[in-house]
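Here's the letter readout for the chains.
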Amino acid sequence: MSVQPQAQSLAGRIAFVTGAGQGLGADIARALRQAGAQVAFTDVDGELAASVAAEVDGLALALDVRDEQAFSAAFATAVRHFGAVDILVNNAARTPTTSLWDVDVAEWDDVLAINLRGTFFGCRIAGRHMRERRQGRIVNIASLAGQQASTATGVHYAASKAGQFALTRAFAQELAPQGVTVNALAPAAIASPALDAMPADRQAALAAAIPVGRFGQGEEVGAAVVYLASPAAAFMTGATLDLNGGRLMR
Ligand SMILES: NC(=O)c1ccc[n+]([C@@H]2O[C@H](COP(=O)([O-])OP(=O)(O)OC[C@H]3O[C@@H](n4cnc5c(N)ncnc54)[C@H](O)[C@@H]3O)[C@@H](O)[C@H]2O)c1
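Now for a look at the structure at hand.

**Some remarks on empty space enclosed by the protein**
The rolling of a water-molecule-sized probe over the atoms marks out the regions of remaining empty space.
Thinking step 1. If you walk through the whole model with that rule in mind, you get one cavity of 30 Å³ or more.
Thinking step 2. Empty space within the largest cavity amounts to approximately 30 Å³.
Thinking step 3. At three residues, the largest contribution of residues to the lining of the largest cavity is made by helix α4 (residues 105–133).
Thinking step 4. Taken together, the residues of the lining of the largest cavity sort by class into three nonpolar, five polar and no charged.

Right, here's the structure in full:
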């Protein structure tokens, strides 16, 4: 089978992105739109989602991924609006930096509820829809923090991101016979408001620790998701795509 260059076009596809109101989620949703997909921009902050979606004629929906019923309802709204959903990107997350000595139960539970349980709900809700249609792409936005130790983010964040790899493999195995792929993307050190807010010398030290010598860009994350969502990636499932400038080579 030959893979044509246009196999990366997502014209006619429908995507659903969580946490798309800002940051990488907004960049991912914009990239999918640019590649030709119709996109549902969802976020717990419905106003943020609406302002980003309005730039590119997307559908904006308020969605708190901790709530399974709300997730099902928002997904059903996107299906009614567009006719189907072909691509789900589980991106929504909370990224606290609390020291492991100080994390309390409420914060632990909330981070796991958003980052891991939300991803589980998304995979299951989209998985049911996609297996019936015998096609679909699920991309879970994980992190280098789930692959190696880091003091930059909290232990609960790291645990949630590591858990996403297990979910990715479980759903990939379950859905592979139905033509649905499930993959994880593991970014690190992507330019973001949090990085921008750091003192210049700290930013320079962080960049120097990255073999390519710079931070990644949101557009590079978007391009990787477009690839994973494209027909060209049909033989890739249960995989983790590392996007970290060489910070982790394995
Ligand atoms: N920025 C990085 O360098 C980096 C590196 C590795 C992985 N990641 C991953 O990329 C993803 C996006 O990170 P970011 O830096 O853009 O984060 P961010 O905090 O800037 O954005 C997260 C978005 O998720 C939304 N959100 C929060 N709680 C939600 C909930 N309960 N339901 C729905 N939406 C909710 C927020 O409103 C926000 O729009 C996350 O999964 C994160 O783990 C980011």
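Once the structure has been displayed, the description carries forward.
**Description of the packing of α4 against helix α5 (residues 155–175)**
Thinking step 1. Between α4 and α5, the shortest axis-to-axis distance is 9 Å and the interhelical angle comes to 15°. Accordingly, the angle class assigned to the pair α4 and α5 is roughly parallel. In terms of crossing hand, the pair formed by α4 and α5 is right-handed. Contacts from E107, W108, V111, L112, N115, L116, T119, F120, C123, R124, G127 and R131 of α4 reach α5 at V155, H156, Y157, A159, S160, K161, G163, Q164, L167, F171 and L175.

**As for the site of the ligand**
Thinking step 1. With respect to spatial proximity, 23 residues lie near the ligand, and among them Q22, L24, D43, N91 and Y157 are the closest.
Thinking step 2. Here Q22 contributes a side-chain N or O atom positioned 2.7 Å from an oxygen atom of the ligand.
Thinking step 3. Interatomic distance of 2.8 Å between a backbone N/O atom of L24 and an oxygen atom of the ligand.
Thinking step 4. If the ligand stood free it would expose 840 Å²; the protein chains cover 85% of that surface.
Thinking step 5. At the level of elements, α1 (23–34) and α5 are the ones that each hand at least two residues to the shell around the ligand.

**Observations concerning the layout of surface pockets**
Thinking step 1. The space that makes up the second largest pocket amounts to roughly 190 Å³.
Thinking step 2. What lines the second largest pocket is a set of 13 residues, and nearest its centre among them are L100, S150, T151, T153 and V155.
Thinking step 3. When grouped by side-chain class, the residues that make up the lining of the second largest pocket number five nonpolar, eight polar and no charged.

**Regarding the sheet that holds strand β2 (residues 38–43)**
Thinking step 1. Ordered in space as β3-β2-β1-β4-β5-β6-β7, the seven strands form an open sheet in which the pairing is parallel. Two strands lie at the open edges of the sheet, namely β3 (59–62) and β7 (240–243), each paired on one side alone. Across the sheet, the mean angle separating the axes of adjacent strands is 20° when strand polarity is ignored.
Thinking step 2. Here four bridges tie β2 to β3, and the two strands are oriented parallel to one another. By the bridge assignment for β3, D43 is matched with A62.

**Structural notes on the environment of A73**
Thinking step 1. Secondary-structure assignment places A73 in helix α3 (residues 68–82).
Thinking step 2. For the pair A73 and A126, spaced 53 residues apart in sequence, the C-alpha separation works out to 12 Å.

**Details of the packing of aromatic side chains**
Thinking step 1. Under the counting rule described, the total for this entry stands at four aromatic pairs.
Thinking step 2. For the pair F16 and F71, a centre-to-centre distance of 6.0 Å together with 20° between the ring planes defines the contact as stacked. Taken together, the residues span a long stretch of sequence, with F16 in strand β1 (residues 14–17) and F71 in helix α3 at a distance of 55 residues. Comparing F16 with F71, the two get one shared label, buried.
Thinking step 3. Seen from their ring centres, F120 and F171 are 6.0 Å apart, and the 50° between their planes marks the pair as tilted. Highlighted residues: F120 in helix α4 and F171 in helix α5, separated in sequence by 51 residues.
Thinking step 4. Taking the relative accessible area as the measure of exposure, F120 reaches 28% and is therefore partly exposed.
Thinking step 5. Site record: aromatic cluster; members linked through ring pairs are F16, F71 and F75.

Scoring rules and cut-offs
Residues numbered from 1 in each chain as written. Predicted model: local features only at pLDDT ≥ 70, side-chain atom pairs only at ≥ 80, totals over all residues. Heavy atoms only, no water. 1 Å grid on protein atoms, 1.4 Å probe; cavity = no way out; pocket = protein on both sides within 12 Å on 5 of 7 lines; lining within 4 Å. Points joined across faces, edges and corners; volume = space filled by probe spheres on them. Helix = DSSP H or I, 4+ residues; strand = E, 2+ residues; numbered from the N terminus. Nonpolar A, V, L, I, M, F, W, Y, C, P; charged D, E, K, R; others polar. Axes fitted to C-alpha atoms, helices over the stretch in contact; angles between N-to-C directions. Parallel < 35°, antiparallel > 145°, perpendicular 65-115°, else oblique. Left-handed = near helix turned anticlockwise from the far one by under 90°. Contact = heavy atoms within 4.5 Å. Near = heavy atom within 4 Å. Polar contact = N/O pair within 3.5 Å; in protein donor to acceptor, adjacent residues only side chain to side chain. Areas by Shrake-Rupley, 256 points an atom, 1.4 Å probe, with all protein chains shown as cover. Pairing = 2+ DSSP bridges. Phe/Tyr/Trp six-rings, centres within 6.5 Å; stacked < 30°, edge-to-face > 60°. Buried < 20%, exposed > 50% of the residue type's maximum accessible area, 1.4 Å probe, protein only.

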